[in-house]
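Here is how the chains run, residue by residue.
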Amino acid sequence: MDLLANLNTQQRSAVQAEPGALLVLAGPGSGKTRVLTQRIAYLIGMVGVSPYRILAVTFTNKAADEMMRRVQDFLGDQGRGLTLGTFHATCAKILRREAEYLPVDANFVIYDSDDQLTLIRRALEDLNLDEKKNRPQSLHAQISKAKNELLRPDQYPTNDFRDRMAQRVYQRYQELLLANNAVDFDDLLLYMANLLEENPQVREQYARRFEHVLVDEFQDTNMAQYTLLRHLASYHRNLFVVGDADQSIYRWRGADYRNVQRFQKDFPEAKVILLEQNYRSTQAILDTAMQVIDRNPDRIRKNLFTERGAGQRIGLYEAYDDRDEAAFVVNTIASLTKQNLARPGDFAVMYRINAQSRVLEEAFLHAGLPYKLVGAQRFYGRREIKDIVSYLRLLHNLRDEVSLTRVINVPARKIGDKTLVALRTYASNAGLAPAEVLVEMGQERQSPHRTAFSGQSLGALVNFGYLLANWSGLAAHLPPLQLMDRVLDETDYHAYIDDGTDEGRDRWENVMELRRLAAEYADQGLAAFLERVSLVSDQDTLDASASVPTLLTLHAAKGLEFSNVFIVGLNDGVLPHSRSFDEPEEMHEERRLLYVGITRARDRLYLVYSQNRSQYGYAEPVEPSRFLSDVPEGLLQTIPSAASQARPRRRRENWDDDDWDRTSRKSSSAAGDRSYASAPRPAKPVTTPAPPDRQFPAGSKVNHPVWGEGMVLNSRMDAGDELLDIYFQQVGLKRVAASLARLEKM
DNA sequence: ATGGACAATGTTTTT
DNA sequence: CATTGTCCAT
């Protein structure tokens, strides 16, 4: 295959660039993955660089797998030895190799956020601090932030009492990690950065080895990641980074798009290449995206253009509430599918927060339409999965007390809290990990540890210790699947988890799914399997093969593309999220999030918001997203919302109403008969609309107590109320209900 | 030790 | 409202 095929001028100059530092500013859909993969292929295939001397890092396994696949398409076996993976996985691999420099052993486990919280709770307990006053969640965020900024506990800034508290928790938390021979996500980056920073000979070794370092989604790197990249590229200075500051949406995770500026300062010789031509979306979609993002300050403006043509206008739909939003989505999908305008797999529904997926899922279920949900939590967060994984982790690393605590009494084997505490105390006095004590008790009849316990607890502990001793003897040689089967079998886990209910059957099926995954690791072994399980991302759970609509958060959508995209919940408080109201920088990130969502769409884009939203329990009126008013009306095609006529509908009622039929028929995209075979649709008569009673016809001037003077652009009756689009001189376009806004006619 | 019943309490985004 | 924690009876 031609290594330089299908490239435009800018892409080609990036792929063929002379060695050195290079910054590729890549707009959405501008072919950055293509540039990265062809750059790698070019270096190996045409420049003759050994794959062994190339390092490429991404943020998700999916991105890494995709790149690997494409590199192989070009090079086949010639690419063997290439280091290509996520930041976290790559660091984990190197750290295991260089474990002698670390405070943990090479078989360390990687704790996920659940485990991390458990450990923070333990730290609070140890320090006699109240969990209510010091929320583990927020402490975790503080600790994580510190780690991302490469601050160790002793370097943690302590300006006030609370900081000192956090510092102590951080200190203790770190001690606990070490005691468990565990690292958290942040440690992987932190340890790697420190390793390179503090050991010149190690730094030299890797910096010399990696002649070329390539980075995807560079705008999402945090301080730790930037530091380790800088060190890795310190010898050859061939650092090829691709990114787009406008798509930086992980600030809360420590990502700092100013790393782009830092890069330019640290590598002043760096060439900059701008990729503006978009190969994904229609011009209408790009224009909408640019209108939204252009309101952000301090950015390098990109002019996105396409040769795909204008395309159709952006669908704008105002729903009555979030259930209505979901119904609109489902019905539109059903309708377009029915007309063969799209296939189910061409659709994605995006939202700000995971909680929004519920209503959508319900709507799909009711319509009898399949869907898939992107989210690691869905599988790896499940109890049964965590149980089994904890067993395996414990067997891999007996010092993992978090996993021991999780499984010691699952299934119930008469080892309760009291016994556990006694075991823990005894073990810590003996200078051993609790599981090590157990193994000894199980193994040796004469074990002195046995004398420390009595009665029921002794028997229970010895029994469990016996099991542990057997398994951990096998852990080193047996492939993950066989080890897992032993555990499942000897704990009678099936009987425990599958209680005969639907849920139980479901849970057991999940275990079987995990078995299937374990089977793939027969050659690579337990450590690799556990690492894979720890480092899956939400996106990685996306199965591109299933041809059904995808439900996902805007964050998870980054890097993906779909023909038809719905963005739902475009209301102030949701997008932008209410937590972002105080800080301008956070508000800018919300805007970028919407920008990312919009630019995922190839052909059709629907923006959906609602009048009411149930946050928890009951519904409240909400404002449309402030970002919506930044999109010029000319780009929009408002889809009339017949469904929201006069009715606070109750749950379960009117669900299958297909008011949309009338709705969509008027819209440009849908027409004709849209009854779909699989979905029930008892047509229910819609409540007669209230007779028009307009107080503020279009053109009238009004005064609002907060927003000041404005002009009514549009007025229509809805749910017995008058809905007005008003252009206020001070705040721009607002949509209000006449009954709620204290409007005054002028 | 275990499981059930009730109360309180809480919601961004994720490697 | 929906999950999670806490208390209490078995």
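In this text, all values refer to a predicted model and were calculated from it rather than measured experimentally.

A. Spotlight on the layout of surface pockets. Quantified by volume, the second largest pocket comes out at close to 970 Å³. Asn61, Asp65, Leu84, Gly85 and Lys93 are the residues nearest the centre of the second largest pocket, which is lined by 35 residues in total. For the lining of the second largest pocket, the secondary structure elements donating two or more residues are helix H3 (61-75), strand S3 (83-86), helix H4 (87-97), helix H9 (200-209) and helix H24 (525-534). Looking at the lining of the second largest pocket residue by residue, the class counts come to 14 nonpolar, 10 polar and 11 charged.

B. Expanded view of the pairing of S3. For strand S2 (residues 54-58) and S3, the ladder comprises 4 bridges, and the chain directions are parallel. Looking at S3, one finds that Leu55 is bridged to Thr83. As for the winding sense of the linkage, the β-α-β connection from S2 through H3 to S3 is right-handed.

C. Region of interest: helix H7 (residues 161-179). Over its 19 residues, H7 runs 27 Å from end to end, which matches the ideal 27 Å to within 8%, given 1.5 Å per residue. Listed in full, the buried residues belonging to H7 are Asp163, Met165, Ala166, Gln167, Val169, Tyr170, Tyr173, Gln174, Leu176 and Leu177. For H7, the elements touching its buried residues are strand S4 (109-111), helix H5 (113-126), helix H6 (136-148), strand S5 (182-184) and helix H8 (185-198). For H7, the N-terminal capping position is held by Asp160, with its side-chain oxygen 3.1 Å away from the main-chain nitrogen of Arg162.

D. Examining the environment of Met223 more closely. Examined against the element boundaries, Met223 turns out to sit in helix H10 (residues 223-232). A sequence separation of 229 residues divides Met223 from Ala452, and the C-alpha atoms of the two residues are 49 Å apart. Those residues in contact with Met223 that lie beyond four places of it in its chain are Asn148, Glu149, Leu150, Gly254, Asn259 and Arg262.

E. Representation of the pairing of strand S14 (residues 550-553). Of the two faces of S14, the one lined by Thr550 and Leu552 and the one lined by Leu551 and Thr553 are each fully buried. The pairing of strand S12 (residues 347-351) with S14 spans 4 bridges and is parallel. Bridge pairing in S14 places Tyr351 opposite Thr553. Alignment of strand S13 (residues 372-373) against S14, held across 2 bridges, turns out to be parallel. Residue pairing for S14: Lys372 is matched across the bridge by Thr550.

F. Representation of H24 within the structure. Among the 10 residues that make up H24, 7 are buried, leaving the element largely enclosed by the rest of the structure. The set of residues buried in H24 consists of Gly525, Leu526, Phe529, Leu530, Glu531, Val533 and Ser534.

G. Up close: the environment of Leu178. In this structure, Leu178 sits in helix H7. Considering only alpha carbons, one finds Leu178 and Lys372, 194 residues apart in sequence, at a separation of 39 Å.

H. Spotlight on the side chain of Thr332. Note that Thr332 resides in helix H13 (residues 322-338). Its relative accessible area of 6% is what places Thr332 among the buried residues. Residues contacting Thr332, with those up to four places away along its chain left out, are Phe566 and Tyr606.

I. Spatial organisation of the sheet that holds strand S16 (residues 601-610). An order of S13-S14-S12-S15-S16-S11-S19 is seen for the 7 strands of this open sheet, with the pairing classed as parallel. The open sheet has two edge strands, S13 and strand S19 (636-639), and neither has a second partner. Relative to S19, strand S11 (residues 314-319) runs parallel, the two being bridged by 4 bridges. Across the sheet, residue Gly315 finds its bridge partner in S19, namely Gln637. Against the sheet, helix H12 (residues 283-293) touches S11 and S16, its axis set at about 50° to S16. In the packing of helix H26 (residues 584-598) onto the sheet, the strands contacted are S12, strand S15 (562-567) and S16, and the crossing angle to S15 comes to about 145°.

What counts, and where the lines are drawn
- Residues numbered from 1 in each chain as written.
- Chains lettered and ligands numbered in written order.
- Predicted model: local features only at pLDDT ≥ 70, side-chain atom pairs only at ≥ 80, totals over all residues.
- Heavy atoms only, no water.
- 1 Å grid on protein atoms, 1.4 Å probe; cavity = no way out; pocket = protein on both sides within 12 Å on 5 of 7 lines; lining within 4 Å.
- Points joined across faces, edges and corners; volume = space filled by probe spheres on them.
- Helix = DSSP H or I, 4+ residues; strand = E, 2+ residues; numbered from the N terminus.
- Nonpolar A, V, L, I, M, F, W, Y, C, P; charged D, E, K, R; others polar.
- Pairing = 2+ DSSP bridges.
- Right-handed = clockwise from strand over helix to strand, strands pointing away.
- Expected span 1.5 Å × (residues − 1).
- Buried < 20%, exposed > 50% of the residue type's maximum accessible area, 1.4 Å probe, protein only.
- Contact = heavy atoms within 4.5 Å.
- Polar contact = N/O pair within 3.5 Å; in protein donor to acceptor, adjacent residues only side chain to side chain.
- Axes fitted to C-alpha atoms, helices over the stretch in contact; angles between N-to-C directions.

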